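Descriptive analysis of the structure
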Amino acid sequence: MEQRASIPPGLPRDNPIQSYWQDPPDEIADCRTTPELPNEVDIAIIGSGVSGASISYNLLSSNPDLKVVLLEARQAASGASGRNGGHTKTATYRSFLDNVQTVGAEDAMKITNLEYNCMVSVHKFARENNIGCDSVRCQTIDVFYDEKQFQNARESVSLMEKLMGKGNAPEHIFHNSQETAEKFLAPNSVGALEYESGSLSAYKFTIGVLKLALQKGLNLQCNTPANSISKSPTDGKWTISTPRGNVKAKTLVLATNGYTAHLYPQLQGVIVPLRGVVTAQRPGQNMPQKGLETTYSFVYNDGFEYMISRPAGSRFEGDIVIGGGMHVAKDEGTSEYGNTDDTTYDKNSADYLSECTERYFGTRNWGKDNPDGRCRRIWSGVMGFSCDGYPFVGPVPGEEGLYLAASFQGHGMVLCFLCAKAAASMIKGADGEELKSWFPACYRVTAERMRKKSGGRLRASGAPEPEPVENGVH
């Protein structure tokens, strides 16, 4: 794992597999607001995913006079935000016990609230701004195949309700195996847990936020990779070097998730890329053809899969989009850490995902495959993970004017939008009590966190579960 974590991420690869969501690419996919790069701006942001798009939108909404340039190595929203599973799912209970032990009850509760509020805010923002991204608010169901995991879920929910108060904690409903089989078409489980969730096209959502920022004066420069960054000792400004020339900025934001160490090598081994696989499948002929009412996760001893069903009225309604299968990749998934090659995917994981849907729902519920075949598309995406399991958001200590919004643990759809709001507040100098009241302290960039290198499996959503740590040794 140390060897995998030491692999430099490099730049995003040319010609990645086109994801299900990016077909066809949006009209602004190759946008360059101005033919030439600006020589100097107030704020430069690198990375056009949910984080970069939302930070630029927040900053320009509060000050339209700012000169903001957003640089993207490839097409707009072509990274994790355009390549994920389309799930706005909190699942905070999975980490709540651990969070209480690691960072304390106050931050554990802030994390729970942030994820829930982020999920609500993303769908609300899409609705209020008419972003057509197939946004659906619904329930989700976590189906358990491991008694110990199910018991851990009960303990976690119980502690969450005790600490937060039953009316303030997100509502969780437990189901026995019979209810799970009958109501949710998932036989052979030990039980299930139901709570609020949602699904959308994260690609269309991100593009929508970018378009709103463009209306407010954002200069978007796609297909413009940042090769390096440096700080001038004379005026303290940052210079971003690209193949099209240099840009100077007083403030620089790295919204580069799994690729961050490419530009800031001090984070090598601190933020580690992890490649994941997602498939889009046509539902079996006995399955609801216009989509299932809930989203799903399937939880077992050494990992889980996460799944949405495309809503009625959307393109490819009823399609099942499912990701995971990390544990069957080479070396039990370790080979996918440090891997940023999204021009291909792990075949073992893809094969596993293609066969697991019929197994999870049962042959009778699934029925015969669609005459056009089960699998519509397979693609991969690069996530960013830290060894403590938390994002890096805010100013970098000792680096005046440099900010991070990165390392979202494969969980960005319920983190990035509100972390971007926090980052924008910090950039504007509004880092006071109001922000501290809701933003987890453990998400902030500290010198201590930047010294924590990955020495074992990372705490990862959808990745293999971590090994226990004893005396700091994995």
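Since this is a predicted model, take the numbers as computed values, not measurements. For every chain, the first residue of the written sequence is number 1, and numbering continues from 1 along that sequence. Confidence filtering applies because this is a predicted model: local features only for residues at pLDDT of at least 70, side-chain atom pairs given and counted only at 80 or more, and all residues used for totals across whole chains, interfaces and linings. To obtain the side-chain values, all non-hydrogen atoms of the structure were used and water was disregarded.

A short note on the packing of helix H3 (residues 93-103) against helix H4 (residues 105-128)
One way to put it is that H3 packs onto H4 with a least axis distance of 7 Å and a crossing angle of 140 degrees. When the axis of H3 is compared with that of H4, the two are oblique. When the axes of H3 and H4 are compared, the crossing they make is right-handed. Contact with H3, carried on its side by Phe96, Asn99, Val100 and Val103, involves Ala105, Asp107, Ala108, Met109, Ile111 and Thr112 of H4 and no other residues of that element. Its residues placed into classes, the contact of H3 with H4 shows seven nonpolar, two polar and one charged. Interaxial angles span 0 to 180 degrees and are taken between N-to-C directions of axes, which are lines fitted to C-alpha atoms, for helices over the stretch in contact. Numbering of helices and strands runs from the N terminus, with a helix taken as a DSSP run of H or I at least four residues long and a strand as a DSSP run of E at least two residues long. For classification, angles of less than 35 degrees are called roughly parallel, those exceeding 145 degrees roughly antiparallel, those between 65 and 115 degrees roughly perpendicular, and all remaining angles oblique. Handedness of a crossing is defined here by the sense of rotation of the near helix relative to the far one, left-handed for an anticlockwise turn of less than a right angle and right-handed for a clockwise turn. In this analysis, two residues are considered to be in contact whenever any of their non-hydrogen atoms come within 4.5 Å of each other. Each residue gets one of three labels, nonpolar for Ala, Val, Leu, Ile, Met, Phe, Trp, Tyr, Cys and Pro, charged for Asp, Glu, Lys and Arg, and polar for the others, Gly among them.

Considering the pattern of salt bridges
Each salt bridge in this description consists of a side-chain nitrogen of Lys or Arg and a carboxyl oxygen of Asp or Glu lying within 4 Å of one another. If you walk through the whole model with that rule in mind, you get 23 salt bridges. Across the pair Lys211 and Asp26 runs a salt bridge whose closest N-O atoms are separated by 3.2 Å. Of this pair, Lys211 sits in helix H7 (residues 202-215) while Asp26 sits in the loop between helix H1 (2-5) and strand S1 (40-46), and the two are 185 residues apart along the sequence. Lys211 gets classed as partly exposed once you look at its relative accessible area, which sits at 26%. Each residue is assigned to one of three classes by its accessible area relative to the maximum for its type, calculated with a 1.4 Å probe on protein chains only: buried under 20%, partly exposed between the two thresholds, exposed over 50%. Owing to a relative accessible area of 22%, Asp26 belongs among the partly exposed residues under this scheme. Across the pair Asp319 and Arg376 runs a salt bridge, and its minimum N-O distance is 2.7 Å. You can see Asp319 sitting in the loop between strand S12 (303-309) and strand S13 (320-323) and its partner Arg376 sitting in strand S14 (residues 375-386), a full 57 residues away along the chain. Here the salt bridges do not stand alone but share partners, grouping Asp26, Glu27 and Lys211 into one network.

Focus on helix H9 (residues 347-361)
To estimate the expected span of a helix, count its residues, drop one, and scale the result by 1.5 Å. Here H9 contains 15 residues, and its C-alpha end-to-end distance of 22 Å stays within 8% of the 21 Å for a straight helix at 1.5 Å per residue. The sharpest bend along H9 comes to roughly 35 degrees, located at Glu355. Restricting attention to buried positions, one finds in H9 the residues Ser349, Ala350, Tyr352, Leu353, Ser354, Cys356, Thr357, Tyr360 and Phe361. Measuring from the backbone nitrogen of Asn348 back to the side-chain oxygen at the start of H9 gives 3.3 Å, which picks out Asp346 as the cap. Two axes are fitted around each residue, one to the seven residues ending there and one to the seven starting there, and the angle between them is reported as the bend at that residue. Between N or O atoms, a polar contact is any pair within 3.5 Å; within protein, one atom must be a potential hydrogen donor and the other a potential acceptor, and residues adjacent in sequence are included only when both atoms are from side chains.

What about the sheet that holds strand S4 (residues 173-175)?
As a general point, the strands of a sheet are linked pairwise by backbone hydrogen bonds and lie either parallel or antiparallel. On the basis of which strands lie adjacent, the open sheet formed by eight strands has the order S4-S5-S3-S11-S12-S13-S10-S14 and mixed pairing. Edge positions in the open sheet fall to S4 and S14, since each of these has one partner strand only. When strand polarity is set aside, the average angle formed by the axes of neighbouring strands in this sheet is 25 degrees. Pairing of S12 with S13, which is carried by four bridges, proceeds in the antiparallel orientation. Looking across to S13, one finds that Ser309 is bridged to Ile320. Those strands touched by H9 are strand S10 (271-281), strand S11 (295-300), S12, S13 and S14, and its axis lies near 50 degrees from that of S10. Note: two strands are recorded as paired if DSSP finds a minimum of 2 bridges between them.

Quick notes on the packing of helix H2 (residues 50-62) against helix H11 (residues 416-427)
The interhelical angle for the contact between H2 and H11, taken along N-to-C directions, is 45 degrees, at an axis separation of 8 Å. The angle between H2 and H11 falls in the class oblique. Of the two elements, H2 crosses H11, and the hand of that crossing is right-handed. Contacts from Val50, Ser51, Ser54, Ile55, Asn58 and Leu59 in H2 reach Cys416, Phe417, Ala420, Lys421, Ala423, Ala424 and Ile427 in H11. Among the residues making up the contact of H2 with H11, the classes are represented as nine nonpolar, three polar and one charged.

Quick notes on empty space enclosed by the protein
Where empty space is left in the structure can be found by rolling a water-sized probe over the atoms. Lining residues are defined by having an atom within 4 Å of a point belonging to a cavity or pocket. Those points lie on a 1 Å grid over the protein atoms alone, cavities being sets where a 1.4 Å probe fits but cannot get out and pockets being open sets with protein on both sides within 12 Å along at least five of seven lines. Grid points are joined across faces, edges and corners, and a volume is the space filled by probe spheres set on the points. Per the stated rule, a full pass over the model turns up two cavities of 30 Å³ or more. The space that makes up the largest cavity amounts to roughly 50 Å³. What lines the largest cavity is Thr90, Tyr116, Met119, Pro170, Glu171, His172, Tyr195 and Glu196. At the level of elements, H4 and strand S5 (191-199) are the ones that each hand at least two residues to the lining of the largest cavity.

A word on the state of the cysteines
The disulfide definition used here is simple: a pair of cysteine sulfur atoms within 2.5 Å. The final tally for this structure, using the stated rule, is zero disulfides. Of the cysteine sulfurs around Cys118, a residue in no disulfide, the closest is that of Cys419, at 7.1 Å. For the unlinked cysteine Cys375, the closest cysteine sulfur is that of Cys356, found at 11 Å.

Side note on the layout of surface pockets
The volume enclosed by the second largest pocket comes to roughly 340 Å³. The class makeup of the residues in the lining of the second largest pocket is nine nonpolar, six polar and seven charged. An automatic or database domain assignment provides the domain bounds reported here. Inspection of the lining of the second largest pocket shows a minimum of three residues originating in each of domain 1 (1-82 + 204-270 + 388-451) and domain 2 (137-196 + 273-386).

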